[in-house]
Amino acid sequence: MDLFEMSQIPLNEAIKVMKLDETVADLFVHPERTMEVSIPVRMDNGKTKVFTGYRSQHSTVMGPAKGGIRYHQNVNLDEVKTLAFWMTCKCAVAGLPYGGGKGGIIVDPAQLSERELEALTRGYIDKIAPIIGEKKDIPAPDVNTNAKIMGWMMDEFSKINNQYEPGFITGKAIALGGSLGRVAATGRGVMIAAMQALKVLKINPKKATCAVQGFGNVGCWTAKLLHDQGVKIVAVSDVYGAIYNEKGMNPYEIEAHVQKTGSVARFKGSKPISNEKLLELPVDVLSPCALELQITKANAKKIKAKIISEGANGPTTPDADKILKKAGVLVVPDILANGGGVTVSYFEWVQNLYRYFWKEEEVIERQTEIMEKAFNEVYDAAKKHNVDMRVAAYIVAISRITEAMKLRGIY
Ligand code: GLU
């Protein structure tokens, strides 16, 4: 089964629970538009190399397509389409006026020089320019892309259109119209989701423990903000390995260690463990913040966490979901838990459109309000329909999207 097929399982379950006809499934299974592009880049050695990129717009029913662009050697069309579908549902769960999209380039950016990376980035924007724009499709950062890359994209798109175009992209640096609070926003959302789940299970955060898989932007901020709430961070990992200390570690110090050494490995006072072991630790909160397909049929039975707050997109397979549900693990699904990034992206876009900027406290307050509301709506839907939080999140998303589809005359 490919990733896209797999992603439709909880959606189809939600459609069944809601007693909607199969037209709805058919409408969701087809992305509105997908573009594949070839990007020739003159490399530093003088030779030209051709890279492949994609942009998929799953839906524009609720508003312009919205979603990040990832640079990774394993990017493929199936993954991009699936991620775009998740964005459609994520934006609907948070109640944002957006559809969903996603882009990606097949590249390991660590192998490129800064100049090559910039040339690739500009070349990609040149190719997808006809289908993007502040009212059409608004990209953002994702795996291995950041504010610097968003800046090049913004500059390239502004050049193509001969006008200042801050609102076509989010996750920019503050000087280019970025929003305060955007860098931390996805991690803040994962923290808010975990805190809400702890509240529901009546676990005192000051006595709770947490393991975080992945120490990129999402994992690092999730760990830091949960630590600020008094949650003990006992394990974190990155691509080079995982570290553990049952007494808890200070993620701000781990971050400083990563800045110095390039990895979480060998952080003082920690002992190395495997990535598999990290997922199986007896913690209150497990937060997978790396890539998809981490919690599967193979390891779900060994998970001892009480709560899973998904920072990554698609870290848990449908088979694993079933096992976790039976074991009573409260899974706060990606399309709810990691919606903080796109929520503050929405704030950034709003600020860009009216050229007036908010204070950081305002951003945090509004993000918290949106995410707590979304959590409660999904939690209530789960109770009402006797389904897990993932299916419940799809119920919330589908009811909003199908209402708009009906009013637009699509369905
Ligand atoms: N890449 C992030 C996500 O998967 C953020 C998307 C955005 O801000 O548009 O949710």
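Placed above this text is the structure.
No experiment lies behind these values; they were computed from the predicted model shown.

Participant: Would you explain the site of the ligand in this entry?
Facilitator: The full set close to the ligand counts 14 residues, and Lys 66, Lys 90, Pro 141, Asp 142 and Ser 345 are the nearest of them. In the model, an oxygen atom of the ligand is placed 2.7 Å from a nitrogen or oxygen of the Lys 90 side chain. Taking 300 Å² as the accessible area of the ligand by itself, protein coverage stands at 95%. At the level of secondary structure, the elements contributing two or more residues to the shell around the ligand comprise β3 (65-72), α3 (77-94), β5 (137-141) and α12 (340-354). When the residues that make up the shell around the ligand are grouped by side-chain class, the tally is four nonpolar, five polar and five charged.

Participant: Just checking my understanding: could you explain the side chain of Lys 172 for this structure?
Facilitator: Assignment of secondary structure puts Lys 172 in the loop between α5 (147-161) and α6 (182-200). At 2.7 Å, the side chain of Lys 172 and the side chain of Glu 348 are in polar contact. Within the structure, the side chain of Lys 172 is placed 2.8 Å from the side chain of Asn 352, a separation counted as a polar contact.

Participant: Would you explain the sheet that holds strand β4 (residues 100-106) in this entry?
Facilitator: Within a sheet, neighbouring strands are paired by backbone hydrogen bonds and run either parallel or antiparallel to one another. Spatially, five strands are ordered β1-β2-β4-β3-β5 in an open sheet, and the strand pairing comes out mixed. The open sheet has two edge strands, β1 (33-42) and β5, and neither has a second partner. Each strand axis lies, on average, 25° off the axis of its neighbour in the sheet, ignoring direction. Here five bridges tie β3 to β5, and the two strands are oriented parallel to one another. Paired with Gly 68 across the bridge in β5 is Ala 140. Its contacts with the sheet place helix α4 (residues 114-128) against β1, β2 (48-59), β3 and β4, and it is angled at close to 145° to β1.

What counts and how
- Residues numbered from 1 in each chain as written.
- Predicted model: local features only at pLDDT ≥ 70, side-chain atom pairs only at ≥ 80, totals over all residues.
- Heavy atoms only, no water.
- Near = heavy atom within 4 Å.
- Polar contact = N/O pair within 3.5 Å; in protein donor to acceptor, adjacent residues only side chain to side chain.
- Areas by Shrake-Rupley, 256 points an atom, 1.4 Å probe, with all protein chains shown as cover.
- Helix = DSSP H or I, 4+ residues; strand = E, 2+ residues; numbered from the N terminus.
- Nonpolar A, V, L, I, M, F, W, Y, C, P; charged D, E, K, R; others polar.
- Pairing = 2+ DSSP bridges.
- Axes fitted to C-alpha atoms, helices over the stretch in contact; angles between N-to-C directions.
- Contact = heavy atoms within 4.5 Å.

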